[in-house]
Amino acid sequence: MTFPPRAPFPATRLRRVRAHDWARRLTSESSLSVSDLIWPLFVFDGSGTQPVPSLPGVSRLGITQAVEAARRAVDLGIPAIALFPATDPSLKTEDAREAFNADNLVCRVTREIKAAVGDALGVILDVALDPYSSHGQDGLVRDGQVVNDETVEVLCRQSVVQAAAGCDVIAPSDMMDGRIGSIRQALDAAGHAEVQIMSYAAKYASAFYGPFRDAVGSAASLGAADKKTYQQSPSQSNEAIHEVALDLAEGADSVMVKPGMPYLDIVARVKQTFGVPTFAYQVSGEYAMLRAAADAGWLDRDAVMMESLLAFKRAGADGILTYFAEAAAERLQ
Ligand code: PBG
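So, how was this worked out
Residues numbered from 1 in each chain as written. Predicted model: local features only at pLDDT ≥ 70, side-chain atom pairs only at ≥ 80, totals over all residues. Helix = DSSP H or I, 4+ residues; strand = E, 2+ residues; numbered from the N terminus. Rg over C-alpha atoms; globule rule 2.2 N^0.38 Å. Buried ≥ 20, exposed ≤ 12 C-beta atoms within 10 Å, placed from the backbone. Contact = placed C-beta atoms within 7 Å. Pairing = 2+ DSSP bridges. Axes fitted to C-alpha atoms, helices over the stretch in contact; angles between N-to-C directions. Nonpolar A, V, L, I, M, F, W, Y, C, P; charged D, E, K, R; others polar. Expected span 1.5 Å × (residues − 1). Arc of directions from axis to C-beta. Near = placed C-beta within 6 Å. UniProt positions renumbered as here; feature names shortened; annotations may be inferred. Parallel < 35°, antiparallel > 145°, perpendicular 65-115°, else oblique. Left-handed = near helix turned anticlockwise from the far one by under 90°.

Draft legend 1. Geometry of the overall build of the protein. Each helix and strand counted, the protein has 12 helices and 12 strands in total. Relative to the 2.2 N^0.38 estimate, which gives 20 Å for 333 residues, the radius of gyration of the protein is 22 Å and therefore close to what a compact globule would have. For the C-alpha atoms alone, the extent of the protein along its principal axes is close to 85 × 40 × 40 Å. When each of the 333 residues of the protein is scored for burial, the buried share is 44%. Partitioning the contacts of the protein with sequence separation of at least 6, the portion at a separation of at least 24 is 74%.

Draft legend 2. Representation of the pairing of strand S12 (residues 319–322) in the model. Neither face of S12 is exposed, since Gly-319 and Leu-321 on one face and Ile-320 and Thr-322 on the opposite face are all buried. Both strand S1 (residues 37–43) and S12 contribute to a ladder of 2 bridges, which runs parallel. Across the sheet, residue Leu-37 finds its bridge partner in S12, namely Ile-320. Note: strand S11 (residues 278–282) against S12, 4 bridges, orientation parallel. Bridging from a neighbouring strand, Gln-282 pairs with Thr-322 of S12.

Draft legend 3. Examining the packing of helix H9 (residues 264–274) against helix H11 (residues 301–315) more closely. Taken N-terminus to C-terminus, the directions of H9 and H11 make an angle of 35°; their axes are 8 Å apart at the nearest point. Taking contact as the criterion, the partners of Leu-264, Val-267 and Ala-268 in H9 are, on H11, Ala-311, Phe-312 and Ala-315. Classifying every residue of the contact of H9 with H11 by side-chain character gives 6 nonpolar, no polar and no charged.

Draft legend 4. Seen up close, helix H8 (residues 238–249). Here H8 spans 17 Å end to end across 12 residues, near enough to the 16 Å set by a 1.5 Å rise per residue. Buried within H8 we find Ala-240, Glu-243, Val-244 and Asp-247. What you see down the axis of H8 is that its buried residues fit within an arc of 95°, all on one side. Away from its buried face, by an angle of more than 90 degrees, H8 presents the exposed residues Asn-238 and Ala-249. Contacts from the buried residues of H8 go to helix H5 (179–189), strand S9 (196–203), strand S10 (254–258) and H9.

Draft legend 5. Main features of the site of the ligand. Around the ligand, the structure places Asp-126, Ala-128, Asp-130, Asp-138, Ser-173, Asp-174, Tyr-209, Phe-212, Arg-213, Lys-227, Val-283 and Ser-284. Across the shell around the ligand, the residue classes break down as 4 nonpolar, 2 polar and 6 charged.

Draft legend 6. Looking closely at the environment of Tyr-200. Here Tyr-200 is to be found in strand S9. Put simply, Tyr-200 and Lys-258 are 58 residues apart on the chain and 7.3 Å apart in space, counted from C-alpha to C-alpha. Dropping the residues within four chain positions of it, Tyr-200 is found in contact with Ala-171, Pro-172, Ser-173, Met-175, Met-256 and Lys-258.

Draft legend 7. How the structure looks around the UniProt feature "active site" (unreviewed entry) in the protein. The positions that UniProt labels "active site" (unreviewed entry) are, in the present scheme, Lys-203 and Lys-258. Their sequence span is 56 residues, while the largest C-alpha to C-alpha distance among them is just 4.9 Å; these annotated residues converge on one region. Turning to its location among the elements, Lys-203 is positioned in strand S9. When residues no more than four places from it in sequence are discounted, the contact partners of Lys-203 are Ser-173, Met-175, Gln-231, Gln-232 and Lys-258.

Draft legend 8. The packing of helix H2 (residues 63–76) against helix H3 (residues 105–117), seen in detail. For the pair H2 and H3, interaxial distance at closest approach is 9 Å and the crossing angle is 40°. As the angle between them shows, H2 and H3 are arranged oblique. Crossing geometry of H2 relative to H3 is assigned as right-handed. Two secondary-structure elements touch here, H2 through Ile-63, Ala-66, Val-67, Ala-70, Arg-71 and Val-74 and H3 through Arg-108, Val-109, Glu-112, Ile-113, Ala-116 and Val-117. Residue composition of the contact of H2 with H3, grouped by class: 9 nonpolar, no polar and 3 charged.

Draft legend 9. Here's a closer look at the UniProt feature "binding site: Mg(2+)" (unreviewed entry) in the protein. In the numbering adopted here, UniProt assigns the feature "binding site: Mg(2+)" (unreviewed entry) to Glu-243. Inspection of the secondary structure assignment puts Glu-243 in helix H8. If sequence neighbours within four positions are ignored, Glu-243 has contacts with Ala-201 and Ala-202.

Draft legend 10. Region of interest: H3. An ideal rise of 1.5 Å per residue puts 18 Å on 13 residues; H3 measures up with 18 Å between its terminal C-alpha atoms. Buried within H3 are the following residues: Leu-105, Val-106, Cys-107, Val-109, Thr-110 and Ile-113. Next to the buried residues of H3 lie S1, H2, strand S4 (80–85), strand S5 (122–127) and helix H4 (148–164). After H3 finishes, the residue Gly-118 shows a positive phi value of roughly 55°.

This is how it looks when you write it as structure tokens:
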């Protein structure tokens, strides 16, 4: 009886390529750079800083401080910031009309930031009514329902004043149907054809947004209500693909998946299906969770920060909106 020559055991040793730092670097399939980061900033109409208790290490910034943060982003090489206003409660109304006041807080801050840093930094402004509505919903409420088409008209007005203030990217996070196409038309008609639309195309009705709602002050307005009639259920994957397909057909330049870490399967699927610029939002609850564990001494903050951000890149994200942006950018210098 003859036997085939036996291969030395084991013929394949994956540990060989892991054995040295140079070999690990040479074989690495994904990497994180400063150019992958978008830094979210909360702003308030005043000066100084206001810590957000449920987001350790994150503060709302006064106008001067927001301009300083924008300069810091440029110095660190962060490509873009996303501004979120904490609106004075006296300006919140049922019809959220402060959203399309051309002199509202985000418009003023955007003008100041653009005057200070110009084209060295992209400014992304959210489009949704929750920072401005007395009920905390992203759309207009009629008879207890968030109404779609009327909301879209307001979102168009909000987009146009934000573009006129000088933002580079309009990021609709409201999840109304048809808003991308309508906003694109409104921007073009107002002479803002150069302004990009980054659509929060696959945004889930998530409990991970809690600290954000504290930061912008919408938690109290929303109370026990939820956003399940417009944000997607966490059970959905095909529906996310459908949403992205529609938003791209309506003219979105890039798409966002949100939240991030619990939805990396969606990030991967969106990137593989469409091959378009795909972003992910490591949302407030994800940040708070990692920070709280690190602050308790249970996790190594820098290690989990860098690992979680690299995981987004591995999944296929082109960039990550993250409250760790500044700290990660410092590590990446
Ligand atoms: C609302 C909006 C939310 C976030 C960004 N834009 C919250 C929500 O939908 O209630 C959450 C981001 C975060 O948790 O960091 N348009």
